[in-house]
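Below, each chain spelled out in residue letters.
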Amino acid sequence: MKTILITGAAGDVGSHLRRELAGAYALRLSDIRPVKKRAAGETFIAGDVGRLADMVRVTKGVDAIVHLGGFSQEGPWDAILRTNIVGCYNVFEAARRNGVKRILFATSNHAVGYYRRDQTIDHRVYPKPDSRYGLSKVFGEQLGSLYADKYGMQVFCMRIGNVNPAPVDKRRLSIWLSPRDLAQLVRIGIEHPDIRFEIVYGVSGNQRSWYDNSNAQRLGYRPQDNSETQAPEILARHRDAADPLVEVYQGGTFVAAELGGDPSKPKPKTRKRSRK
Ligand code: 15L
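Cut-offs applied
- Residues numbered from 1 in each chain as written.
- Predicted model: local features only at pLDDT ≥ 70, side-chain atom pairs only at ≥ 80, totals over all residues.
- Heavy atoms only, no water.
- Helix = DSSP H or I, 4+ residues; strand = E, 2+ residues; numbered from the N terminus.
- Rg over C-alpha atoms; globule rule 2.2 N^0.38 Å.
- Buried < 20%, exposed > 50% of the residue type's maximum accessible area, 1.4 Å probe, protein only.
- Contact = heavy atoms within 4.5 Å.
- Areas by Shrake-Rupley, 256 points an atom, 1.4 Å probe, with all protein chains shown as cover.
- Lys, Arg positive; Asp, Glu negative; His and termini not counted.
- Charge placed at Lys NZ, Arg CZ, Asp CG, Glu CD.
- Near = heavy atom within 4 Å.
- Polar contact = N/O pair within 3.5 Å; in protein donor to acceptor, adjacent residues only side chain to side chain.
- 1 Å grid on protein atoms, 1.4 Å probe; cavity = no way out; pocket = protein on both sides within 12 Å on 5 of 7 lines; lining within 4 Å.
- Sits in = over half its atoms within 2 Å of the grid points.
- Pairing = 2+ DSSP bridges.
- Right-handed = clockwise from strand over helix to strand, strands pointing away.
- Points joined across faces, edges and corners; volume = space filled by probe spheres on them.
- Nonpolar A, V, L, I, M, F, W, Y, C, P; charged D, E, K, R; others polar.
- Disulfide = S-S within 2.5 Å.

Undergrad: Describe the overall build of the chain, naming the residues involved and giving the relevant values.
TA: For the chain, the count of helices and strands is 10 helices and nine strands. Over its C-alpha atoms the chain spans a radius of gyration of 19 Å, differing by no more than 12% from the 19 Å that the globule rule assigns to 276 residues. Overall size of the chain, expressed as C-alpha extent along the three principal axes, is 70 × 55 × 35 Å. By residue count, 51% of the 276 residues in the chain fall in the buried class. By sequence separation, contacts in the chain at least 24 residues apart represent 65% of the contacts at least 6 residues apart. Element-wise, carbon and sulfur atoms account for 50% of the exposed surface of the chain, whose accessible area totals about 13600 Å². Across the chain, the 43 positively charged side chains and the 29 negatively charged ones have centroids separated by 5 Å.

Undergrad: Provide a residue-level description of the site of the ligand, including the pertinent values.
TA: The ligand sits among Ser72, Gln73, Ser108, Asn109, His110, Tyr133, Gly161, Asn162, Arg171, Arg172, Ile175 and Phe254. Take Asn109: an N or O atom from its side chain is 3.2 Å from an oxygen atom of the ligand. Taking Arg171, its side chain carries an N or O atom lying 2.8 Å from an oxygen atom of the ligand. Protein chains shield 84% of the accessible area of the ligand, which is 320 Å² for the free molecule. With respect to the detected pockets, the ligand is housed in the largest pocket. Of all the elements, helix α5 (residues 170–175) adds the most residues to the shell around the ligand, at three residues.

Undergrad: Which residues make up unusual backbone geometry, and what values go with them?
TA: Phi at Glu258 is positive, roughly 60 degrees, even though this residue is not glycine. Here Glu258 shows up in the segment after α10 (253–256).

Undergrad: Go over the pairing of strand β6 (residues 154–160) with me, naming the residues and quoting the values.
TA: Counting buried residues in β6 gives seven out of seven residues, a clear majority hidden from the surface. Neither face of β6 is left uncovered, since the one carrying Gln154, Phe156, Met158 and Ile160 and the one carrying Val155, Cys157 and Arg159 both have all their residues buried. Of the strand pairs in this sheet, strand β5 (residues 102–108) and β6 are connected by seven bridges, and their pairing is parallel. Along β6, the bridge assignment pairs Thr107 with Arg159. With respect to chirality, the unit in which β5 leads through helix α4 (residues 132–151) into the neighbouring parallel β6 is right-handed. As paired elements, β6 and strand β9 (residues 197–202) share six bridges and run parallel to each other. Across the sheet, the residue bridging to Val155 is Phe197, located in β9.

Undergrad: Which residues make up the layout of surface pockets, and what values go with them?
TA: As a volume, the largest pocket reaches approximately 850 Å³. Along the wall of the largest pocket there are 38 residues; nearest its centre are Val13, Leu68, Phe71, Ser72 and Tyr133. For the lining of the largest pocket, the elements supplying multiple residues, two or more each, are α1 (12–21), β2 (26–31), α3 (77–97), β5, α4, β7 (162–163) and α5. Per-element accounting of the lining of the largest pocket gives the leading share, four residues, to α1. Class assignment of the residues belonging to the lining of the largest pocket gives a composition of 12 nonpolar, 18 polar and eight charged. Size it by volume and the second largest pocket reaches roughly 200 Å³. Taken together, 14 residues line the second largest pocket, and the ones lying closest to its centre are Arg117, Asp169, Arg171, Val246 and Thr253. Put simply, the parts of the chain that give the lining of the second largest pocket at least two residues each are α5, α9 (244–248) and α10. For the lining of the second largest pocket, the residue count by class is three nonpolar, four polar and seven charged.

Undergrad: A description of empty space enclosed by the protein should follow, citing residues and the corresponding values.
TA: In this approach the atoms are scanned with a rolling probe the size of a water molecule, which exposes any empty space left behind. One pass over the full model with this rule turns up one cavity of 30 Å³ or more. Here the largest cavity defines a volume of roughly 30 Å³. Taken together, His67, Gly69, Asn84, Cys88, Phe105, Ser136 and Lys137 form the lining of the largest cavity. Sorting the residues of the lining of the largest cavity by element identifies α3 and α4 as the ones contributing at least two each. The residue inventory of the lining of the largest cavity, partitioned by class, reads two nonpolar, four polar and one charged.

Undergrad: Go over the side chain of Asn109, please, and point to the residues and values.
TA: Summarising the element assignment, Asn109 is placed in the loop between β5 and α4. Those residues in contact with Asn109 that lie beyond four places of it in its chain are Arg159, Ile160, Gly161, Arg171, Ile175, Tyr211 and Gln250.

Undergrad: Would you mind going over the state of the cysteines in detail, with residue names and values included?
TA: Taken as a whole and assessed by the stated rule, the structure comprises zero disulfides. The cysteine Cys157 is free of any disulfide, with Cys88 supplying the nearest cysteine sulfur at 8.5 Å.

Structure (structure tokens):
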């Protein structure tokens, strides 16, 4: 049986994944916080992603890593830098030093949050992060690309929407990922023989999706769930946000936060100086 390391195992996504993968793999859980209740087949090693020595200890001897650890929201630069940027580097570098070839990286819809909701985007679009958090996820994706090309690692980047037992609001109807679809995607990332560097969208088969997830489909992903069953109830109670930009862009409130200009308006043309 393969041993799979899950970083950030104490978080919400980690908890759903542990339950869904139980019995399929030996799970090594790691987090800065303790994971108290452990199921059969789970072991725990405490570790801080911000410390390379911890990550070297934690990644030793595993077959693959699911890297969920780090800040999962927008946050102050110092925190994002330490946990998501330095932390991500530490996980990839520790894996390389220990000869662990396969990493599944939990990137986010916020790596592309500045695309509009009336656009359908695939895995080949250039990133448009909507926050420091989104930017850190773009860093992680590009780090994965470097480690795949330079060191031959197999890197599977999942741009996760929102993992929840059920979609929670209108925006999440488009980006919802059910726990069992998350597990299906993770199993593809662990098992697929031909992965070198891939970006896929971590979303269920939602009718209102903003993504062309053909890269995931090419690798065998067949989501079981579709948020549409929840749509009537969610739409009935939906009220548009006060800031219209929240409804225009895929990143929602992440886009509108701390905004210094209106991204939907073209930049004013700079006047040419007339020469005398
Ligand atoms: C994310 O990337 C976050 O980790 C999660 O907490 C949600 O905010 C999610 O995106 C979302 O966009 O709903």
